[in-house]
Amino acid sequence: MKFLDEAKVYIRSGDGGNGCVSFRREKFIEFGGPNGGDGGKGGDVIVEAVDGLNTLIDYRYQQHFKAKNGGAGMGKDRAGANGGDALLKVPVGTQIYEEDGETLIADLAELGQRTVLARGGNGGFGNAYFKSSTNRAPRRANPGQPGEELTIRLRLKLIADAGIVGLPNAGKSTFLAAVSAAKPKIADYPFTTLTPQLGVVRIDGREFVLADIPGLIEGAHEGAGLGDRFLGHVERCRVLLHLIDGTGENAGDAYRTIRAELAAYGHDLAGKPEIVALNKADALSAEAIKQQTARLKRASKKTPLVISAVSGEGVPDVLRALLRVIEQARGTPAETAAAEAAWRP
Ligand SMILES: Nc1nc2c(ncn2[C@@H]2O[C@H](COP(=O)(O)OP(=O)(O)OP(=O)(O)O)[C@@H](O)[C@H]2O)c(=O)[nH]1
Ligand SMILES: [Mg+2]
């Protein structure tokens, strides 16, 4: 399935139905009177975060959403039918912006969350509504109110607990494939990954969602390489896994390049907890590992984990380190376990 994380959509809610002017006039029936019904309400345009979607690709094919108009009121006190709503189904993590792309209307971060984006117009009152002791034969009815129309922008920011960042070829996709059932494309050239991928990781009886995004290079925030536009997908992660290719020239420089891009991107990405790992240890001599680790330690001021995404060496340690941060943010494991046990039937 294709991945699309931005879409522009035109929406329109339904017009209200007109009220009706009508009188009861029947032979041999003495008291007639106004009996024009009210118009129905126009349908709303609603957006809902649903399960089982992880792209906005549907909105490439359908970009107009209109709710139904309310029915007109009728004689014999019959009200018009309400117009049906139009429902936009989006993946969890979708944000809705105004046409300018900056004013946030809604942030659908949870499953089942829904918001009315455009309200249907109210139906007009029929003349039966206007009858009173002083005006027993009103000849007026209200027209229905028009619906609203607007252009909105949908922007998907995937919801993952942890995100992998690094230079192209660092082994990010290899890592994701090794620890989850995801099958990202892996190859020994840069920019193999063109769109973000998600996988579910299971470790120690716990689970979390890990995101692999396209590699960053120096100047990504100015559009170099694939740019930094996919960093939005790790904005909501609780922790970042920073992978560095140990076979590269200088692990410290590689680390700094990515950190500079994270800082330039903003949105507090640089402030997120970070696990640093030197990858491809299987292809390195003991001496090279020592040298690269020392460089990386100096650059990151952390002790990096030494791993191989291919052989699996050190990988469980990385997963546990990620899990620890995630669970801290979620609440303690005991709290989380208690909350889950209480929830289960
Ligand atoms: N020897 C060795 N090779 C690895 C390891 N991890 C990844 N590779 C190789 O490195 C190359 C790049 O791996 P990918 O997983 O595609 O790298 P990536 O970081 O996802 O790259 P982009 O998607 O381009 O950003 C592939 O040829 C992998 O087989 C490792 O632990 N050891
Ligand atoms: Mg990749």
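Thresholds applied
Residues numbered from 1 in each chain as written. Chains lettered and ligands numbered in written order. Predicted model: local features only at pLDDT ≥ 70, side-chain atom pairs only at ≥ 80, totals over all residues. Heavy atoms only, no water. Donors = N, O, S within 2.8 Å, 3.2 Å for Na, K, Ca; no water. Helix = DSSP H or I, 4+ residues; strand = E, 2+ residues; numbered from the N terminus. Buried < 20%, exposed > 50% of the residue type's maximum accessible area, 1.4 Å probe, protein only. Phe/Tyr/Trp six-rings, centres within 6.5 Å; stacked < 30°, edge-to-face > 60°. Lys NZ or Arg CZ within 6 Å of the ring centre and 35° of its normal. Near = heavy atom within 4 Å. Polar contact = N/O pair within 3.5 Å; in protein donor to acceptor, adjacent residues only side chain to side chain. Areas by Shrake-Rupley, 256 points an atom, 1.4 Å probe, with all protein chains shown as cover. 1 Å grid on protein atoms, 1.4 Å probe; cavity = no way out; pocket = protein on both sides within 12 Å on 5 of 7 lines; lining within 4 Å. Sits in = over half its atoms within 2 Å of the grid points. Nonpolar A, V, L, I, M, F, W, Y, C, P; charged D, E, K, R; others polar. Pairing = 2+ DSSP bridges. Contact = heavy atoms within 4.5 Å. Patch = residues over 30% accessible without salt bridge, like charges linked within 9 Å, V, L, I, M, F, W, Y side chains within 5 Å. Salt bridge = Lys/Arg side-chain N within 4 Å of Asp/Glu carboxyl O. Lys, Arg positive; Asp, Glu negative; His and termini not counted. Charge placed at Lys NZ, Arg CZ, Asp CG, Glu CD. Axes fitted to C-alpha atoms, helices over the stretch in contact; angles between N-to-C directions.

Peer 1: Got a minute to help me understand the coordination of the magnesium ion (ligand 2) in this structure?
Peer 2: Put simply, the ideal angle at a metal is 109.5 degrees for four donors in tetrahedral geometry and 90 or 180 degrees for six donors in octahedral geometry. For the magnesium ion (ligand 2), the protein coordination sphere consists of Ser 173 (OG) and Thr 193 (OG1), at 1.9 to 2.1 Å. Residue Ser 173 is located in helix α2 (residues 172–179), and its partner Thr 193 is located in the loop between α2 and β12 (197–203); the two are separated by 20 residues in the primary sequence. Overall, Thr 193 belongs to the buried group, its relative accessible area being 10%.

Peer 1: Explanation requested: the packing of aromatic side chains in the structure shown.
Peer 2: Geometry of an aromatic ring pair is reported as the spacing of the ring centres plus the angle between the planes. Counting across every chain of the model gives 4 aromatic pairs. With 5.6 Å between their ring centres and 45 degrees between their planes, Tyr 59 and Phe 65 make a pair best called tilted. The same class applies to Tyr 59 as to Phe 65, namely buried. Ring geometry for Phe 125 against Tyr 129: centres 3.7 Å apart, planes inclined by 5 degrees, an arrangement best described as stacked. The exposure class assigned to Phe 125 is partly exposed, which follows from its relative accessible area of 31%. Of the residues examined, Tyr 129 reaches a relative accessible area of 48% and is grouped as partly exposed. Counting every residue linked through ring pairs, the aromatic cluster contains Phe 125, Tyr 129 and Phe 130. Against the face of Tyr 97 rests Arg 155, its NZ or CZ located 4.5 Å from the ring centre.

Peer 1: Which parts of the structure should I look at to understand the site of ligand 1?
Peer 2: Near ligand 1 lie 24 residues; those nearest to it are Lys 172, Thr 174, Phe 191, Thr 193 and Asp 282. Lys 172 is positioned with one of its side-chain polar atoms (N or O) 2.8 Å from an oxygen atom of ligand 1. A distance of 3.5 Å separates an oxygen atom of ligand 1 from a polar atom in the backbone of Asp 188. Considering ligand 1 on its own, with 650 Å² of exposed area, one finds that the protein chains cover 88% of that surface. Under a 2 Å grid-point criterion requiring more than half of the atoms, the pocket assigned to ligand 1 is the second largest pocket. When residues in the shell around ligand 1 are grouped by element, the largest group, 3 residues, is from α2. Partitioned by chemical class, the residues of the shell around ligand 1 number 11 nonpolar, 9 polar and 4 charged.

Peer 1: Just checking my understanding: could you explain the pairing of strand β10 (residues 149–156) for this structure?
Peer 2: Consecutive residues of a regular strand have side chains that alternate between opposite faces of the sheet. Sheet topology note: the strand β1 (residues 6–12)/β10 ladder contains 7 bridges and is antiparallel. From the neighbouring strand, Lys 8 faces β10, where its bridge partner is Arg 153. Note that strand β7 (residues 94–98) and β10 share 5 bridges and pair antiparallel. Looking at β10, one finds that Gln 95 is bridged to Arg 155.

Peer 1: How should the side chain of Ser 308 be read in this particular structure?
Peer 2: Its location among the elements puts Ser 308 in the loop between β16 (305–306) and α5 (315–330). Sequence-distant contacts of Ser 308, that is, excluding residues within four places in its chain, are made with Asn 279, Lys 280, Ala 281, Asp 282, Glu 313 and Val 315.

Peer 1: Looking at this structure, I do not really get a negative patch on the surface. What am I missing?
Peer 2: Taken together, the side chains of Glu 98, Glu 99, Asp 100 and Glu 102 present a region of like negative charge at the surface. Locating Glu 102 in the fold gives a position in the loop between β7 and β8 (104–108).

Peer 1: How should I be thinking about the sheet that holds β16 in this particular structure?
Peer 2: Consider a sheet: its strands pair through backbone hydrogen bonds, and that pairing is either parallel or antiparallel. Ordered in space as β12-β13-β11-β14-β15-β16, the 6 strands form an open sheet in which the pairing is mixed. Edge positions in the open sheet fall to β12 and β16, since each of these has one partner strand only. Across 7 bridges, the pairing between β12 and strand β13 (residues 206–212) is antiparallel. Pairing of Gly 199 across the sheet is with Leu 210, part of β13. Where helix α3 (residues 251–265) meets the sheet, its contacts fall on β11 (162–165), β14 (239–245) and β15 (274–279), and the angle it forms with β14 comes to roughly 145 degrees. Of the strands in this sheet, β14, β15 and β16 are in contact with helix α4 (residues 286–300), which crosses β15 at around 160 degrees.

Peer 1: Sorry if this is basic, but what is going on with unusual backbone geometry here?
Peer 2: Trans is the prevailing form of peptide bonds, just as negative phi is the prevailing case for residues other than glycine. Even without glycine at this site, Lys 76 takes up a positive phi of about 55 degrees. Secondary-structure assignment places Lys 76 in the loop between β5 (64–66) and β6 (86–91). Non-glycine residue Lys 280 carries a positive phi angle of around 70 degrees. Tracing the backbone shows Lys 280 in the loop between β15 and α4.

Geometric descriptors of this kind do not, in isolation, establish any biological role.
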